[in-house]
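So you can see what is in the structure, the chains are spelled out below.
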Amino acid sequence: MVRFPRYQPVAARSVRRIVQAAAVSLAVGLSGPAVAQLSDDEILSHSLDLVFGDRSEALQSLEILAAEEDPRLAFTVITAMRYAPLPQEATQEALAAMASERLAAEQLDNDDVPEGWFEWMLWREETPDLAPHPSFAEFQRQLLSRIDPRFLEFLPTGVKHEIRLEEIAWGGVRVDGIPALTNPDFLAAADADYLRDDDLVFGVEINGDARAYPLRILNWHEMFNDVVGGVPVSLAYCTLCGAGILFDTMVEGQDAAFVFGSSGFLYRSNKLMYDTATRSLWNQFTGRPVVGPLVGSGIELPIRPVAITSWANWRDRNPDTRVLSLDTGFRRDYGSGAAYTEYFASPELMFPAVLHDDALAAKDFVFGLRLPGGAKAWPLSAFAGGAVINDRAGLVDVVLVGDEATRTVRAYRRDGIVLAAQDDRLDRLTGGGTTWTVTEEALLADDGRSLQREAGHVAYWFAWAGYLRDAELYVPPE
């Protein structure tokens, strides 16, 4: 995704004065929408002028819209300000007046009103009870169609949706501008001389078929559709939220496996993928269709285990693994660290999303499990230097084996057994009177018992806390 700069604060005027001045000069009331002076079509025309009109037309339309005394039009102005070359102060005046009744008194007292597109988008997320003006959907459609006409395939008039359409943000690319890899080519491990030992890979093993998908390639593609061990799967990797989630794409009741691509849209700094059969938009983090024909279908993609680890570690544990070829059919710089270097190194988000729990920093990594009875996350910092953690998630006793340095965590059921690393090794555990070997599918005991692996994944904290707000967070013992 591309970066859009945050707007600079309004200089030399308090927000209180802006609100007061705007309320007078733009005649905006603070008690809710008055009787509309313009038709919806006229409002749509002025909304489009904010973005596509010349400077004079845009400023005049901004004043006309503000004078409608309708806070619902704030959503239109927020969307327009990302694209329109309007003076920030004029836009801020209109928005502050429109939204003043929706801002807390302490915000006005402390001049803590949102400033710029990024901050107003956060305000929009935190104002779920305010719907946009009826003209907004067509405004959004016409705006996005100028970027890529294919966007309209996802947002036809009257489309079903379970997320707020006004929160869908353009990610800076067209449809499939970040191209998925479908049935890609592979190399034997011995032939993958382009990889460094410390390069991170997504490691997948199903029915004895081991595959490695280097992050240095997936950073450019964010999605693969493949068949591993006879099972159709897709890995949906959202670089913005740090989560690579492996989904089983053969869903009961469907005639064929789903195949996914990148829509070019985001929702709360999370990738919206789409399926090629119905053109429905799916939430990458939940595996649910959220816009389009499949909304309300009850479909939720099952999650399968995947591990992030170093190429050296994966190759040593899985000597028969195959690994993605550089011959992807696309021209990209697949060098180590070539993509998203600045974003990965920064504590800041590129696109707006509210941090719903500040127990951790927004871009701290966690490993999360979603199990019967509840979900739970463990900070990757808990695995510094390599660690084995016995815990419980929901109704399930689990043991987690991980190493923060390679962003690696694998989770297994433990059925009440307390396990520990054998001689500080993370591939052999002791517990329950025997020794266990850590494999991709299960913990295998020397006495023949096995403990199944549970599907989890790594993510940035802001995304996990945003989508799984009732989940527990592991707190290391003192």
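Right above here is the structure, for reference.
Okay, so let's go over this structure. In this text, all values refer to a predicted model and were calculated from it rather than measured experimentally.

**Comments concerning the overall build of the chain**
Okay, step 1: Along its length, the chain carries 12 helices and 27 strands.
Okay, step 2: Relative to the globule expectation of 23 Å for 478 residues, the C-alpha radius of gyration of the chain, 25 Å, shows essentially globular dimensions.
Okay, step 3: Expressed along its principal axes, the backbone C-alpha trace of the chain runs to roughly 80 × 50 × 40 Å.
Okay, step 4: Within the span of the chain, comprising 478 residues, buried residues form 55% of the whole.
Okay, step 5: Considering only residue pairs separated by 6 or more positions, the chain has 65% of its internal contacts joining residues 24 or more positions apart.
Okay, step 6: For the chain, the distance from the average site of its 42 positive side-chain charges to the average site of its 69 negative ones is 2 Å.

**What about the state of the cysteines?**
Here, the word disulfide means a covalent bond between the sulfur atoms of two cysteines.
Okay, step 1: Across all of its chains, the model carries zero disulfides by this definition.
Okay, step 2: Free cysteine: Cys 238, not disulfide-bonded; nearest cysteine sulfur from Cys 241 at 3.1 Å.
Okay, step 3: The exposure class assigned to Cys 241 is buried, which follows from its relative accessible area of 0%.

**Digging into the sheet that holds strand E14 (residues 307-310)**
Note on sheets: strands pair through backbone hydrogen bonds, and any given pair is parallel or antiparallel.
Okay, step 1: The five strands lie next to each other as E3-E15-E5-E4-E14, forming an open sheet whose pairing is mixed. Since the sheet does not close on itself, it has two edges, and those belong to strand E3 (186-188) and E14, each with one partner. Across the sheet, the mean angle from the axis of one strand to that of its neighbour is 35°, orientation sign disregarded.
Okay, step 2: Direction of pairing for strand E5 (residues 209-214) relative to strand E15 (residues 322-324): parallel, over a ladder of two bridges. When the sheet's bridge partners are listed, Arg 211 is paired in E15 with Arg 322.

**Here's the deal with helix H7 (residues 116-125)**
Okay, step 1: The buried fraction of H7 amounts to eight of the 10 residues, a majority that puts the element mostly inside the structure.
Okay, step 2: Listed in full, the buried residues belonging to H7 are Gly 116, Trp 117, Phe 118, Trp 120, Met 121, Trp 123, Arg 124 and Glu 125.
Okay, step 3: Buried residues belonging to H7 abut helix H4 (74-81), helix H5 (88-99), helix H8 (136-147) and strand E1 (168-170).

**Overview of the sheet that holds strand E22 (residues 425-431)**
Okay, step 1: Across the sheet, which stays open at both edges, the eight strands sit in the order E18-E19-E20-E25-E24-E23-E22-E21 with antiparallel pairing between neighbours. For this open sheet the edge positions go to strand E18 (387-393) and strand E21 (420-422), each flanked by a neighbour on one side alone. On average, each strand axis in the sheet is tilted by 35° relative to the strand beside it, whichever way the strands run.
Okay, step 2: As defined by bridge partners, E22 adjoins strand E23 (residues 434-438) across four bridges and the pair is classed as antiparallel.

**Re the pattern of salt bridges**
Okay, step 1: The final tally for this structure, using the stated rule, is 29 salt bridges.
Okay, step 2: For Arg 322, the salt bridge is made with Asp 209, and the minimal N-O distance between the two is 3.9 Å. Of the two residues, Arg 322 is situated in strand E15 and Asp 209 in strand E5; the sequence distance between them amounts to 113 residues.
Okay, step 3: Exposure remark for Arg 322: the relative accessible area of 36% places this residue in the partly exposed category.
Okay, step 4: Residue Asp 209 is classed as buried on the basis of its relative accessible area, which comes to 16%.
Okay, step 5: A salt bridge links Arg 449 to Asp 447; its shortest N-O distance comes to 3.0 Å.
Okay, step 6: Look at Arg 449 and you get partly exposed, because its relative accessible area is 35%.
Okay, step 7: If you follow the salt bridges from partner to partner, you end up with Glu 125, Arg 164, Glu 166, Glu 167 and Arg 268 in one network.

Calculation rules
Residues numbered from 1 in each chain as written. Predicted model: local features only at pLDDT ≥ 70, side-chain atom pairs only at ≥ 80, totals over all residues. Heavy atoms only, no water. Helix = DSSP H or I, 4+ residues; strand = E, 2+ residues; numbered from the N terminus. Rg over C-alpha atoms; globule rule 2.2 N^0.38 Å. Buried < 20%, exposed > 50% of the residue type's maximum accessible area, 1.4 Å probe, protein only. Contact = heavy atoms within 4.5 Å. Lys, Arg positive; Asp, Glu negative; His and termini not counted. Charge placed at Lys NZ, Arg CZ, Asp CG, Glu CD. Disulfide = S-S within 2.5 Å. Pairing = 2+ DSSP bridges. Axes fitted to C-alpha atoms, helices over the stretch in contact; angles between N-to-C directions. Salt bridge = Lys/Arg side-chain N within 4 Å of Asp/Glu carboxyl O.

Just distances and angles here, no functional claims.
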